[in-house]
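The chain contents come next:
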Amino acid sequence: MPQLSFYQRVNTAFDRAAALVDHDPHLLQQIRGCNAVYHVNFPVRRDDGRIEVVQAWRVEHSHHKLPTKGGIRYSMAVDQDEVMALAALMTYKCAVVDVPFGGAKGGVRVARQQFSDGELERITRRYTFELVKKNFIGPDRDVVAPDFGTGPREMGWIADTYKTLAQNKLNALACVTGKPVGQGGVRGRNEATGRGVYFGIQEACSVAEDMRAVGLAPGLEGKTVAVQGLGNVGYHAARFLREGGAVLVGLAEFEGAIHAPGGLDLDAVVAHRQETGSLLDFPGAENLPGKEVVLELPCDILVPAALENQITAANAPRVRARIVAEAANGPVSAEGEAVLRERGVLVLPDLYLNAGGVTVSYFEWIKDLSHMRFGRMDKRFDERIHGEFLDAVERLTGRRFAPDERTALVEGPDEELLVNSGLEETMVSAYHAVRETRNRLGPGADLRTAAFVVAIEKVAVSYEAAGIFP
Ligand code: NAD
């Protein structure tokens, strides 16, 4: 049987969940398809004077809520099927974590390592111009963000280009999230997806019953972890997991993979890679015979954080982790997942686990529309109330707080603390909503199907509430 494409795979998961909900089949059909697909070719002048034609896409999967929202990927593997799959996942992801957006995604087919910074800037600005021309970007229309191959720098170029062209200049910065903080970004966005992955894994590990089912003790402390991809998502997930008590035993990047059963010092590995240009030959670690071998390391938790289709029917029988945590979008193929399910591996699905990025993007969008930093109104007010409370405790108990103890207890929340707290609340409550749905669906149900059921229910209700479907 031919392997399903990424978009077919997302729709197969949708169909499995759609069979479990009670909604008009036409409504389900409307939810499932992509509402608008924009494919564009544009020329870019290379530094040596040559003209190169670049292909790009923007897909808006669902307009049940506006704006639509989704990242922009720069990779040679980008094609329409991939962008449609990622746009659809964004709709379901936003619904799972209660972020009031429809799903969208963008992709530009470029080998970014082969372009200079100046060329990438010209590509990014031209792509933005093409989106503006067709009304595929705007604070109230379609809000873009970083994804594979893009980051705050590209988002800054997009914001600047849009601002130059926009009619609605007052809220122009809210057309894109993941911007540098000095350009309307929010503190905590850059690391948000990785931090969300950490909160999701930590929450899953805290449920004793689920850990028993996969033969692990509850809690993150001491669990061994292997991570594929040390980009934005993989690096931050690895960092927070390690800070949370897990032991990093394997890491992979495009040039190779390393293994150290006693644990790797992440920052030392990153420094070694910066110095030598490679993860390989890190002192105290063994080089693995191929980068994909990281997926087969003996460990408790495997975190694929690079690209889709990494765990397939071919290598799933050799995966030794008991938990596969989908930090990337679509890293486990349908056939690979069937094998993992049969082997009793717990899969934490992408549409829940990597939703931390869009959650904090939502906070950034709100910040840009309100034109005010989170915490500005309440930080000092909270500090005064906390101080008065401590004074009362001292008066009533006779106990005196030491100056540094008082400082720590009195401190009011700043933007970063508020963003991280909002992210934690979102990831923890969404995990339990998905888990409870899985339990309600009965034996054999998995977290991916449950997350799709949660998402479909919410999107269907919003269509029905709008009166489009009786
Ligand atoms: P990134 O470009 O910052 O990092 C990806 C890293 O993976 C790169 O360092 C790349 O060299 C490495 N890589 C590529 N192929 C590899 C391979 N075969 N083996 C090992 N390493 C490999 O991208 P990112 O933003 O971290 O995105 C990673 C994944 O997470 C993607 O699937 C993306 O869609 C998903 N995601 C990203 C965000 C976000 O906020 N950036 C949000 C949600 C989901």
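Conventions we followed
Residues numbered from 1 in each chain as written. Predicted model: local features only at pLDDT ≥ 70, side-chain atom pairs only at ≥ 80, totals over all residues. Heavy atoms only, no water. Pairing = 2+ DSSP bridges. Helix = DSSP H or I, 4+ residues; strand = E, 2+ residues; numbered from the N terminus. Axes fitted to C-alpha atoms, helices over the stretch in contact; angles between N-to-C directions. Contact = heavy atoms within 4.5 Å. Domains from an automatic or database assignment. Buried area = accessible area lost by both parts, 1.4 Å probe. Salt bridge = Lys/Arg side-chain N within 4 Å of Asp/Glu carboxyl O.

Novice: Quick question: what am I supposed to make of the sheet that holds strand 4 (residues 102-108) here?
Specialist: Through backbone hydrogen bonds, the strands of a sheet pair up, either in parallel or in antiparallel fashion. The strand order across the open sheet formed by five strands is 1-2-4-3-5, and the pairing between neighbours is mixed. Where the open sheet ends on each side, the last strands, each with one partner, are strand 1 (36-45) and strand 5 (142-146). Strand-to-strand twist in this sheet, taken as the mean axis angle between neighbours without regard to direction, amounts to 20°. Looking at chain direction, strand 3 (residues 68-74) and strand 5 are connected through five bridges and run parallel. Within strand 5, the position partnered with Gly 70 by the bridge is Val 144. Lying on the sheet, helix 3 (residues 80-96) is in contact with strand 1, strand 2 (51-60), strand 3 and strand 4; it crosses strand 4 at an angle near 150°.

Novice: Teacher, can you tell me more about the domain arrangement of the protein chain here?
Specialist: Interface size is commonly expressed as the accessible surface area that is lost when the partners come together. Partitioning the protein chain into domains gives domain 1 (7-183) and domain 2 (215-344). One C-alpha centre belongs to domain 1, the other to domain 2; they are set 28 Å apart. Between domain 1 and domain 2, the contact holds 10 residues from the first and 10 residues from the second. Roughly 750 Å² of surface becomes buried between domain 1 and domain 2 when both sides are summed, with 42% attributable to carbon and sulfur atoms. Area buried by domain 1 at its contact with domain 2 is led by Arg 9, Arg 73 and Phe 148, which between them contribute 55% of it. Linking domain 1 to domain 2 there are one salt bridge. Salt-bridge contacts for Glu 308 lead to Arg 73; the nearest nitrogen and oxygen are separated by 3.0 Å.

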